[in-house]
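# A look at the structure
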Amino acid sequence: MARLVRKSPSLCTDLPLDNDDISTKLNLLRKLLTSCFGPTGKLKQVHNNVGGHVVTTSTSSVLLPAVSSSQPFVNLIKTSILNHVSRFSDCGLFAAALCLALTERAKQSGLGGNVAIGLNQHLLSLCVGYLQRDDCGCKVKLDFCSSQNLMTLARSVISSKPACVLTEQETLHLSRLAVQAFLLTVPCDSPGTVTLGRTVTVPVEGHSVLNSAVFPGLLVDITDAIYPIKAGTLNSNLLCTVLFSASLAGDLSELGDGIIEVHDGADPDSQILDQLLEIGKQVVKDEVKLFLCQKVIHPVLQQYLRSQGIIVIERLGMSLMEPLIQMTGAQPVAALHTTLPVKAYGKVRELTLRQFGSKTMLQLHPPGESAICTMVLCHRNETMLSELKVVCLKTEHVLRLTLREPSALLGGGCTETHLAAYIRHKSMSKAAETALELGCSQTEYHLGTEVFCRSLESVAAALEHNGGNSLIDLTHAHHWILPADVMREYGEESFGFCGCGLVESSPSKRWTYLNTNYTEFSPESLCGNATQQPRVLDSFVAKLNALQVAVETANLALDVRYIIQDVN
Amino acid sequence: KSVQHFCFKHVLQTVCALEAVVLRSFGPQGGQVLFTRDTGQAMLSCSGTHILTALHLEHPLARMVVECVRKHSTATGDGSKTFILLLASLLRMIHTIACKEPNVSHTYNSREAAEAATARHLADKLLVFALEEMNSLVAKGVVPYGYCVLWEDFTTETQSLPHTNNHGVQKLLSSFFHTRLGYTHCDLISNLTCRLLQQLKFNNDQPSLALQFVNDNFPALHTPVTGFPISCSRLIEGQVIHRDFFSVWSERSLECFLESLQSLGVSVLFCALKQSPAALASAAQAEMCVVECISEDELSLFVKLSGTTPVSDCSTIEPANIATLTFCHRILLGVHRYDNVLVLCGPGEGQTDQYACAIQDAICMMLTTYGQSGKTVDTSSNSPPYQRGRILPGCVIPAGGIFEILLNHAILHHRHAVSESADIGIDAVPQLLANALLTVPQQIYSNNLRHFLQIQSRILRYLPNQSHTLHFPYKEEEIPVEGVSMLDTGLESVSCKYELLLAVLQCLRSLLRVDMVLCTQTALHARSQRLANISWEGTEDEPDD
């Protein structure tokens, strides 16, 4: 008899943004995430309730999955941000901070839900339009002829993650490595569609960060190899390579649930071993020098191959397979029954032994031009190393995004303050018509603009965590920080440079605190004079998308009027 | 207590509670509803049906209402929120009348029973009135003020200017999406849907067939992609097979099969099942691409588009199983690779689902609009031709409660015409229906009641005393209600509205005909009863009366 379980009725919440519990939770989330923001952000430790591994981080992609809430409203925002991070790697905290600030301020402003949504959407399109213009004042064109800007971009990403605990020198070293690895993965002369190569990261614990390095080709861990590789075999020309993706352990696991009928007297084990040795013989005949297998190789086969002077490496793992295929040009062999086709063989130019602490690695050099490289990352302890690994992956992704759009945005909060000033100025000029177009009153329009701009500025101000004050200059609308221990005097000596390092303070400059009202002005662009190079840059593609995701998610949050939770 | 006597008040309270939920996402001021499934997955929707089913109501009558709404919305794709609104307002009005005159007969032993009897009687009358008169009333009182959106115009004319927001179909879709997705994205999605409909060029010009095709194959015709802003949604030519390519290599057992494929010149092989890497084999040697694990939806669409028959037995392969692909390339959507329709982007999975559902319902709504091949009801020989009740396929009317205001006027007008001859007792029914209809526009303009009165008076001022002198306008420029078109509220389908009204009255009747509820006892009952109490406290924010 079928058992019928009755569904229990759902839990309902009316007008979630008016709900105290939800508002508190959102406020908490905003404080949690903004406190991690930027190079001086505070670190968070993630423990689970049964002890064990502790993660120290300030990265949104690590932090957000750890924040679990029973409140679907909070999860809605979390998921949006995480989806952005999974696509673009960078600007997750920016998106979260902006989204939550916008939601909170729009609610406090008392604007009607749909009016606020319409205004946000309109202002977002103004922002996006401005950022995509060629004369945008907070955009920098990237010049691939020099690595200067790429280095700055990489350094900004790496230095924005304080949980890596890096010195200035180490940050510089890593940014150099990141740019080097990125350049190695861009193929030089391949006609037609360009396929980017990849960087394989090998973490090594217990070494100075300065020992980290980038190598062309692949590094394979052979620490467990039972015999020393003779130096003689390492330097012959173009080693013929075979790559197996099937297990060569001689087991029958791949058959699944099938039934094997064995004739009386037949020994399946020895027959399979014979089959394996058959492969071995063919490999020897074809003069293969390097024998690679994703899975396990039967010891007898290993022994046989080695006795023939072949270098055998097993248990490569899934992740190394694709780079190996790309680099060597070998076709992975999945079946054991057929003779190996000649075109399945690949090539490796030479092998070099590398030692990293207790790890012994074998470097496989690519036979020709290849876009595969390996980055060995060293750090003093496991926690910092795991954060460093995440950061390096992000940096690689951010650098790759520059290929899609060779621009970067000014960092250090300058883009946010500049955008806010631009929006204030722009929205003032056609207030009456735009308000009519959007179907709201002019008062509502000004209120909505103020909410939007203040939210943007609050994100810039969130970069400062040590009690300093955020200011904006009234010519370029860049972001300045007045440290807490400096006397409140507007003197030239108080500020050196703005957040991104493009503008230097001068006696003629005027500033105002970020959260004060200032008369709107059209922010001047600096791109004409290239006397200064920006010191902090953000990824254009990632930030633009983050801006869009943040505003859209805030709009979504403002649009939710009812929550129904299925509690079954 | 296993037997509950039917109590009119309970029904009213139940439906009013449902109305309170639905109102949150009704009309231009409405927002969205966030809900979580029992799996923990979150989902957003403005769809009335989704909201109501997600409540998992305990009350048997409430469940009955939800079931009626669900049935109506699967049939027409539209109007589930208006359904509840109308039902609640009808019930409230019936309640007022029944309370006023419960002593229709003295055979009932309690006041409640008498009330219930009056209500039942009224509901029956309403349905009868609707079935008999409504079609002609709509045809005479509403249709002349709408116009016909011709499908042929849509498929040919707008091809050159896909971004203009002028065509009726586009407006119709746009206002539909407005009620479903909020107004920020309705234009974008309606543009996409229009272009989807236009680009699927069909040999037959019959709109209902084309729409039916999209309706049937929608799962395979769209691809949800998360993590991008919604504005990245776009239309892609060709079919997206949601699988990665596998380049596979060799084995003996399949060689024969592949040889025969090769002899037929096959270079791409589609299969529905997962192939084990070792057993699949030699396709790569034969320079053949294999796409495996194709979902049934996609495969069936492919079969339809290409006119092939799928291979079921590997030993017999004929040329009939082979299709020619004009192109086949990978497209990169986020982290997934696809072979190469409609790509829907959204920040989260819940949203892309919402868009997909909304588009599917829109197609269903269009199907209802065009599917009706002119229902002719009032064709008695003595009536003059202009009075024949016909709701033409594709007939639309400006949205924003215009339908209800016009129909309200038509009913009242009709009543005056009739009441000169007939007795006054019949009056109550059409009057009741007419008043109930007005609650819809009242709710639409709930934030600004003055606005509602302005619109109503503007429309009524325009209405001529004898509507039959008007010709049926076919062009948009001829919309007579010029005051309304200024509002730019979009369009809605007349036949959908008509179907909705009938569905509501049918639901009302079956609801009021219930006289006793028998609860069969199960062990689970006690537990869920307790939970029911908890949640009803949450829902019944404003239990009327």
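Note that this is a predicted model, so its numbers are computed, not measured.

In this section: the overall build of chain A. Scanning chain A from N- to C-terminus turns up 15 helices and 20 strands. In terms of overall dimensions, chain A has C-alpha extents of about 95 × 75 × 45 Å along its principal axes. The burial tally for chain A puts 47% of its 568 residues in the buried class. In chain A, 76% of the contacts between residues at least 6 apart in sequence involve partners at least 24 apart.

This part is about the sheet that holds strand S2 (residues 32-36) of chain B. Read across the open sheet, the four strands follow the order S1(A)-S20(A)-S2(B)-S3(B); overall the sheet is mixed. On the outer flanks of this sheet lie strand S1 (11-14) of chain A together with strand S3 (42-45) of chain B, each paired with one strand and no other. Across the sheet, the mean angle separating the axes of adjacent strands is 20° when strand polarity is ignored. Both S2(B) and S3(B) contribute to a ladder of four bridges, which runs antiparallel. Note on S3(B): the bridge partner recorded for B:Leu34 is B:Leu44.

Residue and element names in this part refer to chain A. Look at leucine 15: it is not a glycine, yet its phi comes out positive at around 40°. Leucine 15 gets classed as partly exposed once you count the C-beta atoms within 10 Å, which come to 15. Phi at valine 165 takes a positive value of approximately 50°, unusual for a residue other than glycine. By the element assignment, valine 165 lies in the loop between helix H6 (148-159) and helix H7 (168-184). Classification of valine 165 by C-beta neighbours within 10 Å gives partly exposed; the count is 17.

Residues and elements named next belong to chain A. Examined against the element boundaries, lysine 543 turns out to sit in helix H15 (residues 540-559). Take lysine 543: there are 22 C-beta atoms within 10 Å of it, and that puts it in the buried class. In the structure, lysine 543 is positioned 228 residues away from arginine 315 in sequence and 40 Å away in space, judged by C-alpha atoms. The contacts of lysine 543, once residues within four sequence positions are left out, are Cys91, Phe94, Leu409 and Asp538.

Consecutive residues of a regular strand have side chains that alternate between opposite faces of the sheet. Residue and element names in this part refer to chain A. Sheet analysis places strand S7 (residues 218-221) next to strand S13 (residues 359-364), joined by four bridges and oriented antiparallel. Residue pairing for S13: leucine 219 is matched across the bridge by glutamine 363. As paired strands, strand S12 (residues 351-356) and S13 are joined by six bridges and run antiparallel to one another. The partner of phenylalanine 356 across the bridge, within S13, is lysine 359. What sits between the antiparallel neighbours S12 and S13 is a turn of two residues, in which glycine 357 has the positive phi angle 60°.

Residues and elements named next belong to chain A. Note that serine 245 resides in the loop between strand S8 (239-244) and helix H8 (268-285). Classification of serine 245 by C-beta neighbours within 10 Å gives buried; the count is 21. For the pair serine 245 and glutamate 416, spaced 171 residues apart in sequence, the C-alpha to C-alpha distance is 50 Å. Excluding its chain neighbours within four sequence positions, the residues that come into contact with serine 245 are Gln294, Met321, Pro332, Val333 and Ala334.

Here is what the cut-offs are and how they apply
- Residues numbered from 1 in each chain as written.
- Chains lettered and ligands numbered in written order.
- Predicted model: local features only at pLDDT ≥ 70, side-chain atom pairs only at ≥ 80, totals over all residues.
- Helix = DSSP H or I, 4+ residues; strand = E, 2+ residues; numbered from the N terminus.
- Buried ≥ 20, exposed ≤ 12 C-beta atoms within 10 Å, placed from the backbone.
- Contact = placed C-beta atoms within 7 Å.
- Pairing = 2+ DSSP bridges.
- Axes fitted to C-alpha atoms, helices over the stretch in contact; angles between N-to-C directions.

Purely geometric numbers; function is a separate question.
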